[in-house]
Structure formats: structure tokens, C-alpha cells
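Chain and residue survey
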Amino acid sequence: MEQPPQQPPQPPQQPEPQPWGGRPWGQQAPRPQPPPPQWGERPAPRQPWGYRPPPAGKAPRPPGGPPPWWRQPVGLLLIGAVVVIVLALVVPVFNGGGENPGPTVTTGAFGSPGTTAPPAATTTTSGRPPTAEEQLGQAAQDELGTAGKVVSVTAPTGRPVTVTWEIARAGSPGLTKNNARFGVMRILRAIQQTSAAAGGDAPAVRLLGRYQLAGSASEVTVVRLRFDPSTVERGDFDDRRYLEAFELADAAVIHPTFRG
């Protein structure tokens with residue numbers, strides 16, 4: 001009786017390569033099973049979707065406890081009050097003040113020019129008509145504003161008009177220098193307008209600015225300027241050109257304190 005041919009031995013099958021982690025693809029690690037409840041213990045309630053257990057060391061808020069302070073009526077009232085205060089402070093800034101007009105732009109510490117100066121007095125306290133010097137002094141003071149004070153005005157026939165004024169002290173030496181420059185421009189503007197209104201030729205002008213320097217017992221002349229009639233007639237004495245006040249003069253002597 002013939003024996004069937006024997007099959008050659010099969011090599012042992014190699015295990016399939018496992019992915020990283022040692023588990024087949026799609027297979028998750030087994031979850032630890034909760035310990036079985038003890039006899040008589042109530043089953044744990046099922047937690048809603050998205051529930052996260054409290055961090056370790058912090059007990060969960062008991063059911064029925066008070067809500068956070070920002071969800072209580074007092075907290076909501078405080079939040080609303082803060083919002084109202086912030087809106088009251090921020091909204092006017094973006095609205096530009098609403099219907100309230102903006103402040104008039106002036107020259108700040110240098111004093112505002114007398115754009116609405118009252119007309120010169122037609123009579124003096126003694127009842128006599130004011131002289132030409134008094135009218136010119138009043139016009140110069142109205143134009144000068146708070147940048148200084150007119151002390152005297154002389155206008156002899158055929159001679160230059162001489163105006164002496166006190167330079168107002170400002171908060172710093174630089175601002176005081178600017179007060180002197182503004183005084184020059186405004187006094188010249190008043191003389192120019194007065195001569196044009198009178199219909200005559202512009203006069204020659206001498207300006208004397210006085211100021212009490214540090215360490216001096218009284219005021220001294222710190223600005224001496226002379227302007228020819230042609231300069232007074234054709235000059236542009238706008239406040240915006242105040243830095244050129246001394247350079248516009250035909251002759252100038254400036255104390256070192258007021259230079260620069």
C-alpha cells in the first residue's frame with residue numbers, strides 16, 4: 001500500500017508589523033473598567049455631554065449652590081453701572097463735543113489779540129475830546145491784549161510815533177520772549193490800521209519794550225526798534241509771523257535776554 005507524498009514543512013508565519021504604539025490600526029487602548037459598586041451603593045448618575053471633571057484638589061460646586069457674583073443681581077447692576085460710566089466718558093471724545101462749540105484758538109500764554117476791541121473813547125474823564133496820542137494808545141492796548149501794557153504814546157508833528165510798553169511776564173523765559181514779539185506785531189498793526197483809517201501816510205515808529213530783569217530793582221528797556229514809514233505801510237504784522245518781529249525792524253537793539 002503506497003504512502004501519500006509528504007508535504008514539506010511550512011515555515012512559521014511571521015507576525016504582521018504593528019503600527020507605532022504596538023496596537024493594530026483602528027484599535028484603541030482598553031479603558032479601565034470602573035470598580036463594581038458595593039452592595040447597597042447608588043449608581044453614579046450619567047454626566048451630560050461635554051462634562052469635565054473638576055481638577056484635582058478642588059471639590060465640585062454642590063448642586064443648588066449660589067451662582068457666581070457676576071450672575072447675581074448686585075453683580076449685574078455693578079457691571080451695568082461701569083458700562084454706563086465708560087460710555088459717558090468715551091462717546092463725547094469721538095463725537096467731538098456734540099453741539100458745544102470748540103474753544104477759540106488763541107496764542108495761549110501770549111494773550112489773545114483784541115479782535116473785538118471796543119471803539120476808542122470819544123471823550124475823556126475830564127470831558128474833553130481825546131488827543132491823537134490817547135486814541136492811538138487805546139487802539140494799541142486793545143490790539144495788544146494780555147501780551148503787555150501800553151505805558152505811553154507820543155506822536156509829535158513831523159517826528160516818529162514812539163510807543164513804550166511793558167512786556168508781560170509768562171511762565172518761562174521762552175514764552176516771555178514771545179510776548180515781546182507779539183507786542184511788536186500788535187502795536188504795529190494798530191498803528192497801521194489807525195493811519196489807514198485816518199487817510200494819512202504811515203508814520204515812522206519807535207517801539208520801546210520794558211521788562212524787569214532778574215536782579216534789577218525796576219524795569220529797563222530791553223527792546224528798541226525803529227520802523228520807517230514804508231515798512232509800517234507795507235508790512236505784514238500778522239501774529240503768525242511773530243518770530244520775524246525783530247527782523248522786520250529797520251534798526252533794532254535787543255537785550256541779550258530777549259535774543260534768540
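Residues numbered from 1 in each chain as written. Predicted model: local features only at pLDDT ≥ 70, side-chain atom pairs only at ≥ 80, totals over all residues. Heavy atoms only, no water.

1. Section: the sheet that holds strand E3 (residues 205-211)
Formally: Think of it this way: DSSP has to see at least two bridges between two strands before they count as a pair. Secondary structure elements follow DSSP: runs of H or I of four or more residues count as helices, runs of E of two or more count as strands, with numbering from the N terminus. To define axes, lines are fitted to C-alpha atoms, for helices over the stretch in contact only, and angles between the resulting N-to-C directions are given on a 0 to 180 degree scale. When checking whether two residues touch, look at their non-hydrogen atoms; a contact exists if any pair is within 4.5 Å.
Taken in spatial order, the 5 strands of this open sheet run E1-E2-E3-E4-E5, and their pairing is mixed. Since the sheet does not close on itself, it has two edges, and those belong to strand E1 (148-154) and strand E5 (251-254), each with one partner. In this sheet, adjacent strand axes meet at a mean angle of 20° when their direction is disregarded. Two strands pair when backbone bridges link them, and E1 and strand E2 (residues 161-167) are joined in this way by 6 bridges, in the antiparallel orientation. Residue pairing across strands places Gly148 opposite Ile167, the latter belonging to E2. Strand contacts of helix H2 (residues 132-144): E1 and E2, with the helix running at about 160° to E1, the strand carrying the most contacts. Seen against the sheet, helix H3 (residues 173-198) touches E2, E3 and strand E4 (220-227) and runs at an angle of roughly 150° to E2.

2. Considering the packing of aromatic side chains
Put simply, the rule is: Paired rings are identified among Phe, Tyr and Trp, the last through its six-membered ring, by centres lying within 6.5 Å, and are further divided according to the angle between planes into stacked (under 30 degrees), edge-to-face (over 60) and tilted (the rest). Relative accessibility decides the category of a residue: with a 1.4 Å probe and only protein chains considered, values under 20% of the type maximum give buried, values over 50% give exposed, and everything between is partly exposed.
Applying the stated criterion across every chain, the model contains 2 aromatic pairs. With centroids separated by 5.3 Å and ring planes inclined at 80°, the aromatic side chains of Tyr211 and Phe258 adopt a geometry described as edge-to-face. You can see Tyr211 sitting in strand E3 and its partner Phe258 sitting in the segment after E5, a full 47 residues away along the chain. As far as burial versus exposure is concerned, Tyr211 and Phe258 are alike and both buried.

3. Here we look at H2
Note the threshold: Helices are assigned an expected span. That span is 1.5 Å times one less than the residue count.
Counted at 1.5 Å a residue, the expected span for H2 with its 13 residues is 18 Å, and the 18 Å between its end C-alpha atoms agrees. Looking at H2, one finds that the buried residues are Leu136, Gly137, Ala140, Asp142, Glu143 and Leu144. Where the residues of H2 are buried, they touch E1, E2 and H3.

4. Here we look at the packing of H2 against H3
The condition that has to hold: If an angle is under 35 degrees, it is roughly parallel; if it is over 145, roughly antiparallel; if it lies from 65 to 115, roughly perpendicular; otherwise it is oblique. Here a crossing is taken to be left-handed if its near helix is turned anticlockwise relative to the far helix by less than a right angle, and right-handed if that turn runs clockwise. Here the nonpolar group is Ala, Val, Leu, Ile, Met, Phe, Trp, Tyr, Cys and Pro; Asp, Glu, Lys and Arg are the charged ones; every other residue, Gly included, is treated as polar.
Running from N to C, H2 and H3 cross one another at 135°; their axes reach a closest spacing of 8 Å. Judged on the interaxial angle alone, H3 and H2 are oblique. Judged by the twist between their axes, the crossing of H2 over H3 is right-handed. When H2 is examined against H3, the residues Leu136, Ala139, Ala140, Glu143 and Leu144 are found in contact with a partner set consisting of Gly183, Arg186, Ile187, Arg189, Ala190, Ile191, Gln193 and Thr194. Counted by class, the contact of H2 with H3 contains 7 nonpolar, 3 polar and 3 charged residues.

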